[in-house]
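Examination of the molecular architecture
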Amino acid sequence: MSSKWILGCLGFAITTAAALINYAEDERVQLMFQRATLQQYDQDRFDGQRFAINLFSEWPLGYGPGSTVITAPGTLMPINDPHNVYIKLATELGVQGAPVYVSICVITLLAYSRSRGGADSLKTLLASYFLFLIVSGFVVDTTHWRPFYLAMGMLLGPSMKGRAPAVTKSYA
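These numbers come from a predicted model, not from an experiment.

**Notes on the nonpolar core**
Ranked by internal contacts, the top residues of the largest apolar core, which has 17 residues, are Tyr101, Cys105, Phe130, Ile134, Phe148 and Leu155. For this core, the secondary-structure elements that each account for two or more residues are helix 4 (85–113), helix 5 (121–136) and helix 6 (146–159). Not counting the four nearest positions on each side in its chain, Cys105 is found in contact with Phe130, Ile134 and Phe148.

Here it is in structure tokens:
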């Protein structure tokens, strides 16, 4: 690491600390620190994860789609969603179904790494975004996110170039 980088980080840390000390009495900063702690909905999320894990321990082959979400009576509002795609898929699809999702993600990243055309900055950015979405699955259910599937398709598409059989037009 260069000394400029270290000095830059040190300057940033000192400036940030000075700003926090200066605004410590400001109610906006106090609100920020209050919101950074665990909230009630975090507890609901953890309860949903515990519920799903307990359900998975009783039904390791899967309990069925939608079984991890408990809705409020008379509404469609989820009150006990685990917000973790891996726990949710393990509970709903079981030990035989959940690895399929992980395998599809790994295959997509492998297809990107083996795609023709060398390293392109746009493809690398897209692969980084897709990797971010995979990691986000630990705190958000990404199975219904369109950007997830869009990024997957954009990574898989170029890797299939030249592999599909050519379509020939025949007007005979």
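**Comments concerning the packing of helix 4 against helix 5**
Between two packed helices, the angle of one axis relative to the other and the distance separating the axes together describe the packing. In the contact formed by helix 4 and helix 5, the axes pass within 12 Å of each other and the chain directions differ by 170 degrees. Between helix 4 and helix 5, the crossing angle belongs to the class labelled roughly antiparallel. Crossing geometry of helix 4 relative to helix 5 is assigned as left-handed. In this structure, helix 4 uses Tyr86, Cys105, Thr108, Leu109 and Tyr112 to contact helix 5, whose residues at the interface are Lys123, Thr124, Ala127, Phe130, Leu131 and Ile134. Looking at the contact of helix 4 with helix 5, its residues break down into eight nonpolar, two polar and one charged.

**A closer look at the packing of helix 4 against helix 6**
At a minimum axis distance of 8 Å, the contact between helix 4 and helix 6 shows a crossing angle of 45 degrees. When the interaxial angle is binned, helix 4 and helix 6 end up oblique. Along this stretch, helix 4 crosses helix 6, giving a crossing that reads as left-handed. Residues Tyr101, Ile104, Cys105, Thr108, Ala111 and Tyr112 of helix 4 form the contact with helix 6, whose participating residues are Phe148, Met152, Leu155, Leu156 and Ser159. Taken together, the residues of the contact of helix 4 with helix 6 sort by class into nine nonpolar, two polar and no charged.

**Focus on the packing of aromatic side chains**
Applying the stated rule across the entire model yields six aromatic pairs. Where Trp59 meets Tyr63, the ring centres are 5.1 Å apart and the plane angle is 75 degrees; that geometry is what we call edge-to-face. Pairwise contacts between aromatic rings join Tyr86, Tyr101, Phe130, Phe138, Phe148 and Tyr149 into one cluster.

What counts and what doesn't
- Residues numbered from 1 in each chain as written.
- Predicted model: local features only at pLDDT ≥ 70, side-chain atom pairs only at ≥ 80, totals over all residues.
- Heavy atoms only, no water.
- Core = buried A, V, L, I, M, F, W, Y, C linked by side-chain atoms within 4.5 Å.
- Buried < 20%, exposed > 50% of the residue type's maximum accessible area, 1.4 Å probe, protein only.
- Helix = DSSP H or I, 4+ residues; strand = E, 2+ residues; numbered from the N terminus.
- Contact = heavy atoms within 4.5 Å.
- Axes fitted to C-alpha atoms, helices over the stretch in contact; angles between N-to-C directions.
- Parallel < 35°, antiparallel > 145°, perpendicular 65-115°, else oblique.
- Left-handed = near helix turned anticlockwise from the far one by under 90°.
- Nonpolar A, V, L, I, M, F, W, Y, C, P; charged D, E, K, R; others polar.
- Phe/Tyr/Trp six-rings, centres within 6.5 Å; stacked < 30°, edge-to-face > 60°.

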